[in-house]
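# Remarks on the overall topology
These are the residues of each chain, in order.
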Amino acid sequence: MELCISAPPTLSYVKSCVVSPPISSISLCNFLRPTKQFTSLRISRSSPHFLHFPRKISICARAVAPPAVTDTVKDPLPADLIVQEIQEPNCRILLKVEVPPIVCDDCYKRVINEFMKKAKVPGFRPGKKVPESILISYIGKDGVRKATVESILKRTLPHAMSSVDGRALKDSIRITSTFPEMEKTYSSLNILKYDIIVDIAPEVKWVPENGYKNLKIVVELDNEIDAKTACERELKRRYKSLSTMRIVTNRGLQIGDVAVLDISATTVEQEGSEVKNVPAAESKGFQFDTEDGDRVIPGFLDAIIGVQGGETKSFPLTFPDSWKQEDLRGLPCQFTVECKELFYRELPEMNDSIADKLLPGSTTIDQVRESLLERCVELEQTAKDQATDNAILDQLRKMIQVEIPQSLFEEQGRQLYGARLLQIQANMKLNEEQLAMLSSPKAVREYLENQRENIENVIKQNLAVGDIFKRENLEFSTDELVKEVENSVAEFKKHAQEYDEESIQEQVQEVLEGAKVLEWLRENADIQYIIK
C-alpha cells in the first residue's frame, strides 16, 4: 500500500507573521553533495551499545525529526502568498508559489533603500538621498532586478514553507525554478513564481499493527562461536605455533601435515560449453594445514591424502550449494594440485612446562584453558547478541510499509559509501589519485544504483527503530550521552582530526536510541536459538 498517495493539488493562502523554524539550508539540486559529519566520525569503541550493532544505525529516530523550533519570527508580508501544494510519489511535495505584486513592490522598495544607504554615487555625499532614477542608472536595471528577485525569495521562502513545517526532511528543500525564469516573470508581470520540491518525513505503517510488540525471532548461530569449541580451537592454534616444521622425505601426505600447494581449476567439459579457468578456486603457494580440512571444498582433503612432495594430482569436485562464494555454488570443476613441499610438525609435550608460552603469566595448562574459555565466553555472548540484533532488525524491516524519500536514500547511501571508503583506506592506504577516483560523483552514483536494495533495507530498519523509540517513549540518561560524546571527542583529538561536536552528539544520540530499542525488543520478543 502506498503511504504517500498522490493527491490532487490544493490551494492554500499562507498567512504572514507566524512563528516558525527557519529553513536550515536550500540545495539547488546539488546531487551527491558531501556530508562531512559522516566521513570521519568514529563512535567510541568503548561503547557496548555501539559494538552490538551489526550495521551503524545512522539515522534512527532522528532521521525524520522536524527542524528545531527557534525564536526566529518570519518577516511580515503586506499580503498573503498563494501556495499550491501537490503531493508526489515517494513522500515528495511540490509547492508552486506565487508572490503577488504588493509583496514584490515592498521588496523592491527595501532593495532601493539598501542601495541608497550603501551605494557611493558620484556627486552625492554618503547617506544623502539619491533620486531613484539616478540610482538605478548608476547600479543598472539588471542589478536592481536581480537584487529584488533575491530579496523576494529570501523573504517569502519561510512563508511558502509553512505548510510543511515540522514535516520537511533536513536538506531536502530545493528550488527547482531557474533564476532566469524567475527574473523574466518578475520583469514582465511584476509577480514572482517559483517551484519548491521538498521531501517529507515518511509515514511508517506496521503490518500487522504494533506487530513489533510480539516478535517471534529464530536466530541461527554458527557452531564456531560455541565457547568450548572456540576455546579448544584457540588452544590448539597456540600449541601448533610452538611446533618445529620438518620436511617430509619418505612418505605421502597424512592428517596433521602441512603442504604447500599450487592449485588450478577449470570448469568440467560439457556438451556445447567451453572449458574455462576458475580464478576464484586457484591459488599459488597455498599453505594447507590438513587439520583444517573442514574449511575447504568437501572431498579435497581425501583427494590429496598420500600425495608426495613434487607430485601432481588431478581430480573432479563440485562446489556445494552452501558454499560461501555464491558464484561457485554447484559448479563442477577439474582440480589440478601440485604438492610443492610437505612438512610435519614436531610438537613439544603438552604439559605445564609450556603453559607460559601458550598464555603469558600462566603456570598450568588448566589455567591456560580456563583463561581462554573465559575470553571465548565473552566473545560468544557478543556474537550471540550481534546475531540476535541482526535477526530483529531483519524482521522489523519486513514488518513495515514505507515510501522512502529520494533525499533520505541518497543521504544513507553516501554514509554507507563513506564508511566503506574509510575501511578501504584503512586496509589499503589509497593514494590521492585512487581516493579521488573512488570519491567521484560517478563512483558514488554507481554504488547507489548497485546497492539500492541494501540501502533501502538499512533505511527501513532505521525508520522502524526510530518509530518504536517514539511509540514506546524510551529514554536514555543524560550521563550516557555526555560520556559517549566525551569519548568520541577524545578519539578525534587523539588522531588530530577535525570534528563538529554538535554532529557527534547527534550521532551518539542516534546510536543510544537504537541501542535502547534493541534492548527493549530483546526483553519483549520470543527468541529461539538454533545452531546451523
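What counts and how
Just so you know, the residues in each chain are numbered from 1, in the order the chain's sequence is written. Confidence filtering applies because this is a predicted model: local features only for residues at pLDDT of at least 70, side-chain atom pairs given and counted only at 80 or more, and all residues used for totals across whole chains, interfaces and linings. Here the side-chain values reflect all heavy atoms present in the structure, with hydrogen atoms and water set aside. Note on definitions: salt bridges are taken to be side-chain nitrogens of Lys or Arg within 4 Å of carboxyl oxygens of Asp or Glu. In this description a helix means any DSSP run of H or I spanning at least four residues, a strand means any run of E spanning at least two, and both kinds are numbered starting from the N terminus. A 1.4 Å probe rolled over the protein chains alone gives each residue an accessible area, and that area as a share of the maximum for its type sets the label: buried under 20%, exposed over 50%, partly exposed in between. Only buried residues count toward a nonpolar core, which is a set of Ala, Val, Leu, Ile, Met, Phe, Trp, Tyr and Cys residues joined through side-chain atoms within 4.5 Å. Patches were defined on residues exceeding 30% relative accessible area and lacking a salt bridge, with like-charge contacts within 9 Å and nonpolar side-chain contacts (Val, Leu, Ile, Met, Phe, Trp, Tyr) within 5 Å. Only the protein chains shown count as cover for residues, and the accessible areas themselves come from Shrake-Rupley with a 1.4 Å probe. In this tally Asp and Glu are treated as negative and Lys and Arg as positive; neither His nor the chain ends contributes. By convention, charge coordinates are those of NZ in Lys, CZ in Arg, CG in Asp, or CD in Glu. In this analysis, rings of Phe, Tyr and Trp, with Trp reduced to its six-membered ring, are considered paired at centre separations within 6.5 Å, and the interplanar angle assigns stacked below 30 degrees, edge-to-face beyond 60, and tilted for intermediate values. Our definition puts a charge over a ring when NZ of Lys or CZ of Arg is within 6 Å of the ring centre and also within 35 degrees of the ring normal.

## Looking at the pattern of salt bridges
According to the stated counting rule, one finds 33 salt bridges in the structure shown. Taking the shortest distance from any N to any O, the salt bridge between R110 and D75 comes out at 2.5 Å. Of this pair, R110 sits in helix 3 (residues 101–118) while D75 sits in the loop between helix 2 (48–51) and strand 2 (81–88), and the two are 35 residues apart along the sequence. Relative accessible area serves as the criterion here: at 28%, D75 is assigned to the partly exposed category. Between R246 and E346 there is a salt bridge, with its nearest N and O atoms 3.0 Å apart. Here the residue R246 occupies a position in strand 8 (residues 244–247), and E346 occupies one in strand 12 (residues 332–346), the gap between them amounting to 100 residues. Given a relative accessible area of 39%, E346 falls into the partly exposed group. Overlapping salt bridges, with partners in common, bring together K236, K240, D289, E291 and R345 in one network.

## Describing the nonpolar core
Ranked by internal contacts, the top residues of the largest apolar core, which has 46 residues, are W206, L215, L396, I468 and L521. Secondary structure elements with two or more residues in this core: strand 7 (216–221), helix 10 (365–398), helix 11 (406–428), helix 13 (441–450), helix 14 (452–471), helix 15 (478–494) and helix 16 (501–524).

## Comments concerning a positive patch on the surface
A cluster of basic residues, R233, R295, K324 and K532, forms a positive patch on the protein surface. Within the secondary structure layout, R233 lies in helix 7 (residues 227–240). A residue is classified by how much of its surface remains accessible, and R233, at 34% relative accessible area, is partly exposed.

## Focus: the packing of aromatic side chains
Enumeration over the complete set of coordinates arrives at twelve aromatic pairs. Taken together, a centroid distance of 5.8 Å and an interplanar angle of 90° make the contact between F288 and F300 edge-to-face. Placement of the pair is F288 in strand 10 (residues 283–289) and F300 in helix 8 (residues 300–304), with a sequence separation of twelve residues. Of the two residues, F288 and F300, neither departs from the other in class, the shared state being buried. Where F300 meets F315, the ring centres are 5.9 Å apart and the plane angle is 70°; that geometry is what we call edge-to-face. Of this pair, F300 sits in helix 8 while F315 is found in strand 11 (residues 312–318), placing the two residues 15 residues apart along the sequence. One Lys or Arg, K384, reaches over the ring of Y529 and ends 4.3 Å from the middle of that ring.

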